[in-house]
Amino acid sequence: MDKIIVTGCNGQLGRAINKELGATGKYEIVNTDVFEGEGIIPLDITNVDSVIKLVKEVKPKAVINCAAYTAVDKQESDVDLSYKINAIGPRNLSIASTEVGAKLVHVSTDYVFAGNATKPYTEFDATGPVSVYGKTKLAGEEFVKQFAKNYFIIRTAWLYGDGKNFVKTMLKLSENHDEISVVNDQLGNPTSTTELAKAIHYLMNTENYGIFHGTCEGDTNWADFTEEIFRIAGKKTKVNHVTTAEYQAKNPQSAPRPAYSILENYMLKLTTDFMFADWHDAIEQYLKELL
């Protein structure tokens, strides 16, 4: 059986990867996270010696890096930790993977772009992050390109799965609010961790290395996405559409968000026949299982 190391195994994507790969019975999954748990090896990805030691012991076929610091607002004042987890961590995993000849799958984000485009971003478009989160994730990508020999960098966006996420937050708000305000001028691709895990599984078994965008097909804005969630879930809560400027006036501590985050899975379409599900179908499936 091929051994696969999964970092950040307790996160939404880490759980989806375990479900996807575990269902095949073909892999021995070595789960790691910051804290020890049942069947989980504690690993601080910011410590290069710890990372190299574990990877050399396991000798995996692949390392899937789902670990990241994703609290976007918090990172604006927590820059050092952000660089440690989002940049140094991937660097360390890249160095270790190269030493044992393992493939590295590194998950990145739409935040590496400036968010001011007028058409979907492809893998060939220039980056230009505006938040600390985006800058540190881009630094992580650069380290992977520099130190990993065989790598897949997969940029995703608007992720939801088993864990804390936007979908669950909206459903919770609907329980005790007749109406809520959600921004309608930020565009992107809501993406299910189930779909992303399928894409990672698919790519991992190829030598089709490089940078890929990995999001569900189709796009929307946060307010319309919320209305679709409520429609499927049978919620009557009214969604008030507000602008980002209106939202930030009430929440001045919030970090800048990309106004335009639509990613095109261009490399997948150019080099494979793999297709993500449409976002409408993916959220319907997710809510069917959740509710």
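Predicted, not measured: the structure shown is a model, and the values here were computed from it.

**Student:** Could you clarify how one ought to interpret unusual backbone geometry in this entry?
**Tutor:** The phi angle of most residues is negative, glycine excepted, and most peptide bonds adopt the trans form. Of note in this structure, Lys59 is not a glycine but carries a positive phi near 50°. Along the chain, the position of Lys59 falls in the loop between α2 (48-58) and β4 (62-65). Of note, Trp158 is a non-glycine position whose phi angle comes to about 50°, a positive value. A relative accessible area of 11% means that Trp158 is categorised as buried.

**Student:** When you look at the packing of helix α6 (residues 166-176) against helix α11 (residues 279-290) in this model, what are you seeing that I'm missing?
**Tutor:** When two helices pack together, their arrangement is given by the angle between the helix axes and the distance between those axes. Where α6 meets α11, the closest approach of the two axes is 12 Å, and the angle between their N-to-C directions is 60°. When the axes of α6 and α11 are compared, the pair comes out oblique. For the pair α6 and α11, the sense of crossing is right-handed. Contacts between α6 and α11 involve Val167, Lys168 and Leu171 from the first element and Ile283, Tyr286, Leu287 and Leu290 from the second. A per-class count over the contact of α6 with α11 returns six nonpolar, no polar and one charged.

**Student:** Whenever I open this one, the side chain of Asn31 confuses me. Can you help?
**Tutor:** With respect to the helices and strands, the residue Asn31 is situated in strand β2 (residues 27-33). A relative accessible area of 13% places Asn31 in the buried class. Here the side chain of Asn31 touches Asn18 through a polar contact of 2.8 Å, side chain to side chain.

**Student:** It is not clear to me how the sheet that holds strand β11 (residues 210-213) should be interpreted in this structure. Could you clarify?
**Tutor:** By definition, the strands of a sheet pair up through backbone hydrogen bonds, in either a parallel or an antiparallel sense. One open sheet holds the seven strands; their spatial order is β3-β2-β1-β4-β5-β6-β11, and the pairing between them is parallel. Edge positions in the open sheet fall to β3 (40-42) and β11, since each of these has one partner strand only. Taking the axes of each pair of neighbouring strands and ignoring which way they run, one obtains an average angle of 25° across the sheet. Against the sheet, helix α4 (residues 79-100) engages β1 (2-7), β4 and β5 (103-109), with an angle of about 165° to β5.

**Student:** I'm lost on the packing of aromatic side chains in this one. Help?
**Tutor:** For any pair of aromatic rings, the description consists of the separation of the ring centres together with the inter-plane angle of the planes. Under the definition given, this model contains 15 aromatic pairs. Here the aromatic rings of Phe143 and Phe147 are separated by 6.1 Å at their centres, their planes lie at 35°, and the arrangement is tilted. Taken together, the residues span about one helical turn, with Phe143 and Phe147 both in helix α5 (residues 132-147) at a distance of four residues. Judged by its relative accessible area of 31%, Phe147 is partly exposed.

**Student:** Teacher, can you tell me more about the pattern of salt bridges here?
**Tutor:** One side chain can pair with another of opposite charge once the charged atoms of both are near each other. This structure, assessed with the given rule, holds 11 salt bridges. Close ionic contact of Glu217 with Lys269 constitutes a salt bridge, the shortest N to O distance being 3.2 Å. Of this pair, Glu217 sits in the loop between β11 and β12 (220-221) while Lys269 sits in helix α10 (residues 266-271), and the two are 52 residues apart along the sequence. Between Lys269 and Glu264 there is a salt bridge, and its shortest N-O distance comes to 2.6 Å. Relative accessible area serves as the criterion here: at 24%, Glu264 is assigned to the partly exposed category. Residues participating in the shared-partner salt-bridge network are Glu217, Glu264 and Lys269.

**Student:** What's the story with the nonpolar core in this structure? I'm lost.
**Tutor:** Burial of nonpolar side chains together is a common tendency in soluble globular proteins. One finds Ile17, Ile64, Val167, Ile200 and Ile283 to be the most contacted residues of the largest nonpolar core, which totals 56 residues. Leaving out residues up to four positions away in the same chain, Val167 has contacts with Tyr160, Phe225, Ile229, Ile283, Tyr286 and Leu287. Ranked by size, the runner-up nonpolar core spans 21 residues in total, among them Val30, Leu54, Ala67 and Ile85.

**Student:** Honestly, the environment of Ala255 in this entry has me stumped. Any pointers?
**Tutor:** Structurally, Ala255 can be placed in the loop between α9 (244-250) and α10. For the pair Ala255 and Asp73, spaced 182 residues apart in the sequence, the C-alpha separation amounts to 4.8 Å. Contact partners of Ala255, with chain neighbours within four places excluded, come to Val72, Asp73, Glu76 and Gln248.

Cut-offs used in this document
Residues numbered from 1 in each chain as written. Predicted model: local features only at pLDDT ≥ 70, side-chain atom pairs only at ≥ 80, totals over all residues. Heavy atoms only, no water. Helix = DSSP H or I, 4+ residues; strand = E, 2+ residues; numbered from the N terminus. Buried < 20%, exposed > 50% of the residue type's maximum accessible area, 1.4 Å probe, protein only. Axes fitted to C-alpha atoms, helices over the stretch in contact; angles between N-to-C directions. Parallel < 35°, antiparallel > 145°, perpendicular 65-115°, else oblique. Left-handed = near helix turned anticlockwise from the far one by under 90°. Contact = heavy atoms within 4.5 Å. Nonpolar A, V, L, I, M, F, W, Y, C, P; charged D, E, K, R; others polar. Polar contact = N/O pair within 3.5 Å; in protein donor to acceptor, adjacent residues only side chain to side chain. Pairing = 2+ DSSP bridges. Phe/Tyr/Trp six-rings, centres within 6.5 Å; stacked < 30°, edge-to-face > 60°. Salt bridge = Lys/Arg side-chain N within 4 Å of Asp/Glu carboxyl O. Core = buried A, V, L, I, M, F, W, Y, C linked by side-chain atoms within 4.5 Å.

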